[in-house]
Amino acid sequence: MKNYRKELTMNTRQRYQLIRITDQVQQALADSGIQEGLCLVNSMHITSSVFINDNESGLHADFLEWLEKLAPYSRSGYRHNVGEDNGDAHLKRQIMGREVVVAVSGGQLDFGPWEQIFYGEFDGCRSKRILIKIIGE
Amino acid sequence: MKNYRKELTMNTRQRYQLIRITDQVQQALADSGIQEGLCLVNSMHITSSVFINDNESGLHADFLEWLEKLAPYSRSGYRHNVGEDNGDAHLKRQIMGREVVVAVSGGQLDFGPWEQIFYGEFDGCRSKRILIKIIGE
Amino acid sequence: MKNYRKELTMNTRQRYQLIRITDQVQQALADSGIQEGLCLVNSMHITSSVFINDNESGLHADFLEWLEKLAPYSRSGYRHNVGEDNGDAHLKRQIMGREVVVAVSGGQLDFGPWEQIFYGEFDGCRSKRILIKIIGE
C-alpha cells in the first residue's frame, strides 16, 4: 500500500470566500503515483469546509447568501462569541461539511462531469491549512 | 490491496425522489470479493446526494418537505438560475451530503440495525450516475 | 494492509447531547498499530452524528439551539412520528453528518490544532453504538 500526504495553505482576502482547489488536489495525486485508492481532502480548521459542487460564480454567491440566512453572523448572538465573533462560521461549516473522499481510478480523480473541489472559508483573512491524504497502490 | 469500481445509473420519474440503493451496494461488495476495507458511495452529480438514514416513507416525505423549507425551489430567486432552474438542488444536496464511506467487515457492509443507503435526487427525470469504489483486501 | 475495528457504546443522560470522543478514537488507533492510513468513525444509528468541530461548551449550546431552530422537535409535526417522536433527530443528524474520515499519519490522528471528534446524540437516554474502522499499514 502506498500513502501520500500534502498540506495546502490558504490565505483568503475575504472573510467569506469559496476557492476552487481541484487542480492542487490533482497535482498531489500525480505526485503520489497512486493509481487506485481513496483521496481524503479535509479542512484542518473548524471554521472552514472542503466540499464538491459546481464551479459557477452565481451559485457561489447563492451559497454564501443562503449560509448567511441559515447561520447568520452575529457579534453577540452566539454563546461561543466570548472574545471571538466567529460562532456563525462553526455552524456554516457543518452545513458545507469538513471533508470529501474521492475515488482514485486509473491515476485520476474519479469525477462526474461537473464535480469540482472547493475550499469554503467562513472566517478568513488569515493562514489556514487543508490536508490531502491519499492511500492506495 | 484489492480495489473495485462500479457505477449505478439512476433515472428518476420525479424531480425530487429518494431511492434505496443498499442492495446494489451490497451486490457490488459481493462482486468485489473484498472482506475488510472501506466502501465509498458518492453521487457523480452536483444536484443529488448519497446518504444513510431510515427506510421509512413518512420520514422521506418529511425530508423532502424540510429541504424545500430550508432551500426552496425558485425559478428566479437564485443567481445560478440563468438558463437553469436547479439552484435549489445544489443547496439541498449540501444538506444531505455527496457521499458516504462505509466500513467493510467480514465481507459485509458494517451497519447498525437501521442503516440504509439512499440516493437523493433533487433535479431528476434524467440519467445520472452513482460511483461505488471499494478498497481493502 | 492492516485493518482494525472497534465499537464504542454511548448512553447519554440527555435526549440531546454532544460528547467528545477524540481520546477513545486515539486509543483505538494506538491499539491498531496502524501508522499510515484512513480512520472512519461513524454513528451506527440514524438519529445521531459523528462530527469534528471545536471543544467549547458555548459553541455546543449554540449548536443545539441552532439545530432546534432548523429542525424543531415536534410530537405531531412529522409524518415519521407514528408511534415515535424522533422525526427531528433524523433531520438534525443530516445537518451534523453521519461520519468523519480522518487521515492517519505517523501513527497519529492527523489533525489541525483545534480539531476534536464528537458524538452528537439527538434521541438519547438509551444505548447506542459508534463504529471505528481503520485501514492502512
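Report on the accompanying structure.

This part takes up helix H1 (residues 22-32) of chain B. Residues and elements named next belong to chain B. Taken as a whole, H1 has its buried residues at Thr 22, Val 25, Ala 28, Leu 29 and Ser 32. The arc enclosing the buried residues of H1, seen along the axis, measures out at 125 degrees, which places them on a common side. Downstream of H1 by one or two residues, Gly 33 has phi in the positive range, about 70 degrees.

Moving on to the relation of the copies chain A and chain C. Of the two same-sequence chains, chain A is brought onto chain C (RMSD 0.0 Å, axial shift 0.0 Å) by a rotation of 120 degrees. Taken together, the rotation angle and the small translation identify this as a three-fold axis. The C-alpha atom lying nearest the rotation axis in chain A is that of Ile 95 of chain A; the distance is 3.4 Å.

Next up on the list: the interface of chain A and chain B. Contacts between chain A and chain B engage 35 residues on the former and 27 residues on the latter. Looking at the side of chain A facing chain B, the largest losses of area belong to Leu 38, Asp 62 and Trp 66 of chain A, adding up to 21% of the total buried there. Connecting chain A to chain B are five salt bridges. The salt bridge partner of Arg 79 of chain B is Asp 62 of chain A, with a shortest N-O separation of 3.7 Å. Among the secondary structure elements, those contributing two or more residues to the side of chain A that touches chain B are strand E3 (37-43), strand E4 (48-53), helix H2 (57-70), helix H3 (87-96), strand E5 (99-105) and strand E8 (127-136) of chain A. Each residue belonging to the side of chain A that touches chain B can be placed in one class, and the counts come to 20 nonpolar, six polar and nine charged.

Right, let's get into the relation of the copies chain A and chain B. Superposition of chain A onto chain B requires a rotation of 120 degrees combined with a translation of 0.0 Å along the rotation axis, giving an RMSD of 0.0 Å. When the interface residues of chain A are mapped onto chain B, a mere 20% of them are again interface residues, pointing to distinct binding faces.

Bringing the interface of chain A and chain C into the picture now. Contact residues are listed per partner, giving 27 residues for chain A and 35 residues for chain C. Summed over both partners, the interface of chain A with chain C comes to about 2,600 Å²; 58% of that surface belongs to carbon and sulfur atoms. Residue Glu 65 of chain C is joined to Arg 79 of chain A by a salt bridge in which the shortest nitrogen-to-oxygen separation is 2.9 Å. Scanning the region where chain A abuts chain C turns up 15 residue pairs in polar contact (both at pLDDT 80 or more). Those elements that place two or more of their residues in the side of chain A that touches chain C are strand E1 (2-11), E3, H3, E5 and E8 of chain A. If one sorts the elements of the side of chain A that touches chain C by residue count, H3 of chain A sits on top with six residues. A class-by-class count of the residues in the side of chain A that touches chain C yields 13 nonpolar, seven polar and seven charged.

Rules and cut-offs
- Residues numbered from 1 in each chain as written.
- Chains lettered and ligands numbered in written order.
- Predicted model: local features only at pLDDT ≥ 70, side-chain atom pairs only at ≥ 80, totals over all residues.
- Heavy atoms only, no water.
- Buried < 20%, exposed > 50% of the residue type's maximum accessible area, 1.4 Å probe, protein only.
- Helix = DSSP H or I, 4+ residues; strand = E, 2+ residues; numbered from the N terminus.
- Arc of directions from axis to C-beta.
- Least-squares fit on C-alpha atoms with pLDDT ≥ 70 in both.
- Contact = heavy atoms within 4.5 Å.
- Buried area = accessible area lost by both parts, 1.4 Å probe.
- Salt bridge = Lys/Arg side-chain N within 4 Å of Asp/Glu carboxyl O.
- Nonpolar A, V, L, I, M, F, W, Y, C, P; charged D, E, K, R; others polar.
- Polar contact = N/O pair within 3.5 Å; in protein donor to acceptor, adjacent residues only side chain to side chain.

No statement about biological role is implied by the geometric values presented.
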